[in-house]
Amino acid sequence: MNRDDFNLLSSGIIYFDNGATTLKPKVLSESVSDYYNNYSSNAHRGDYQMSIKTSTMYENVRKLVSKLINAKSEKQIVFTSGTTDSINKIIFGYFRYYLKEGDEVLLTKSEHASTLLPWFELSDEIGLNIKYIELDENHEVTMESVKKAISDKTKVISLAHISNVVGDERPIKDICKYAHKRGIKLLVDGAQSVPHLKVDVQDLDVDFLTFSAHKMCGPTGVGVLYVKEDIMEDVRPIIFGGGMNADFSTDKTRIYKSMPDKLEAGTPNIAGVIGFGEVIKYLNKIGFDEIHDYEIKLKKYLIKRLREIDQIKVYNENSNSGIVTINYDGIFPQDLSIYLDKYGICTRAGSHCAKILKDEINIKNTCRISLYFYNTKEEIDRLIFLLKNPKIKEEII
Ligand SMILES: Cc1ncc(COP(=O)(O)O)c(C=O)c1O
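Describing the overall build of the chain
- Regarding its fold elements, the chain presents 13 helices and 15 strands.
- Taken against the 2.2 N^0.38 rule, which gives 21 Å for 397 residues, the C-alpha radius of gyration of the chain at 22 Å falls within 12% of a compact globule.
- Taken over the C-alpha atoms alone, the chain extends approximately 75 × 55 × 35 Å along its principal axes.
- Counting the 397 residues in the chain, one finds 55% classified as buried.
- Counting only contacts in the chain whose residues sit at least 6 apart along the sequence, the fraction spanning at least 24 positions is 70%.
- Just so you have it, the chain exposes about 17500 Å², and 49% of that area is on carbon and sulfur atoms.
- Distance between charge centroids for the chain: 0 Å, based on 53 positive and 56 negative side chains.

Structure representation (structure tokens):
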């Protein structure tokens, strides 16, 4: 779909590393260069026309993001530098004050470092107990395992909507319903879901949602943090400076603004946010349901073709996403990735920032093929052809 919109695809490259970051359509660079060339100015600071235009453009994107995830108001949308930044802002700006020693946080072993490490840090700081929700035989999170893990000490469940290694879509709506009845908060990492399917924060009823623009055709250095309305006042800034304060004086009295400004200290990535706005309009035109359906069809085709190769082990055949994680018997995943790169195919090898998942799947490194709407069956056929190469091991050695 829409391949002509992506300059890099004309080079013949096959890009299967969309879980790491996606390719960028021309509308992104056009809108970013329009800002830099034609109205480059700061937002929320100037009283002249150009700066007012910049502020309006920037704030319009907040409205677009709010509509994209069906937030009640754009005040619930904070622009950050990415998912990692968003998660840290909530763990250290909210949970640091909300939780106390002995409280329990539920995570899974397949979470990304951007969830696990801030929780490890806060747990050392205030004495939290970290517990892991058991994964089933497909390495997935089930409602039963969530229920089993919850105790009367559980105060937070922090997990990805779709995991970046296993690609499983977690039953977030059911988890929220069950958890909220017990006063448990839900911090949901949408880095691998928002780019690929319709996500409705009111329907899911999450307390916090985080995602990154660069994983959905947008620029690097722009992320989103959504905060539920009744929690907004209790989130404290962890970065201080211009733009987030209403007043301060020599006796150190300071008045901070409300959401979202209090969490956006300093000059933001204005060009990136404006570019992200154009990308959201672009993706809306294609349609998120269409993107998801297309990716799932493509993923099924990929699985079917991978089954033709005995040496390939697929770790997540049934997951509801375009993420497919494999190993080739007798070939180190990094070597497989380097071999494919020789033929212009980009994949990702390693632990995928989920370093403790090895405790569950007993294997540290894998090779990940992650799809997006511009990938095709023909690209998959080329991948399979190269994986079937009878001399593959000789080429690698
Ligand atoms: C599930 C998940 N969470 C968080 C992140 C971190 O995103 P970023 O590097 O944009 O902050 C990633 C990136 O790979 C991810 O896949």
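Structural notes on the site of the ligand
- Near the ligand there are 13 residues, and of these Thr 84, Asp 189, Gln 192, Ser 212 and Lys 215 occur at the shortest range.
- Between His 112 and the ligand, the recorded distance is 3.5 Å, taken from a side-chain N or O atom to an oxygen atom.
- Within the side chain of Lys 215, a nitrogen or oxygen atom sits 2.6 Å from an oxygen atom of the ligand.
- Contact with the protein chains removes 86% of the 400 Å² of surface that the ligand exposes when unbound.
- Looking at the shell around the ligand, its residues break down into 1 nonpolar, 10 polar and 2 charged.

A word on the environment of Phe 373
- Mapping Phe 373 onto the fold places it in the loop between strand S15 (366-370) and helix H12 (377-387).
- For Phe 373, a relative accessible area of 0% gives the class buried.
- Along the chain, Phe 373 and Asn 2 lie 371 residues apart, while their C-alpha atoms are 7.9 Å from each other.
- Apart from residues lying up to four places away in sequence, Phe 373 is in contact with Met 1, Asn 2, Phe 6, Cys 217, Tyr 282, Leu 283, Ile 286, Ile 291, Tyr 294 and Glu 295.

Description of the sheet that holds strand S11 (residues 312-314)
- Pairing within the open sheet is antiparallel, and its 4 strands lie in the order S11-S12-S15-S14. Taken across any chain shown, the strands that pair with only one partner, and hence form the sheet edges, are S11 and strand S14 (348-350). Ignoring strand direction, the axes of neighbouring strands in this sheet form an average angle of 30°.
- Taken together, the 4 bridges between strand S12 (residues 323-328) and S15 define a ladder with antiparallel strand orientation. Bridge pairing in S15 places Ile 326 opposite Cys 367.
- Lying on the sheet, helix H10 (residues 333-342) is in contact with S12, S14 and S15; it crosses S14 at an angle near 160°.

Definitions and limits used
- Residues numbered from 1 in each chain as written.
- Predicted model: local features only at pLDDT ≥ 70, side-chain atom pairs only at ≥ 80, totals over all residues.
- Heavy atoms only, no water.
- Helix = DSSP H or I, 4+ residues; strand = E, 2+ residues; numbered from the N terminus.
- Rg over C-alpha atoms; globule rule 2.2 N^0.38 Å.
- Buried < 20%, exposed > 50% of the residue type's maximum accessible area, 1.4 Å probe, protein only.
- Contact = heavy atoms within 4.5 Å.
- Areas by Shrake-Rupley, 256 points an atom, 1.4 Å probe, with all protein chains shown as cover.
- Lys, Arg positive; Asp, Glu negative; His and termini not counted.
- Charge placed at Lys NZ, Arg CZ, Asp CG, Glu CD.
- Near = heavy atom within 4 Å.
- Polar contact = N/O pair within 3.5 Å; in protein donor to acceptor, adjacent residues only side chain to side chain.
- Nonpolar A, V, L, I, M, F, W, Y, C, P; charged D, E, K, R; others polar.
- Pairing = 2+ DSSP bridges.
- Axes fitted to C-alpha atoms, helices over the stretch in contact; angles between N-to-C directions.

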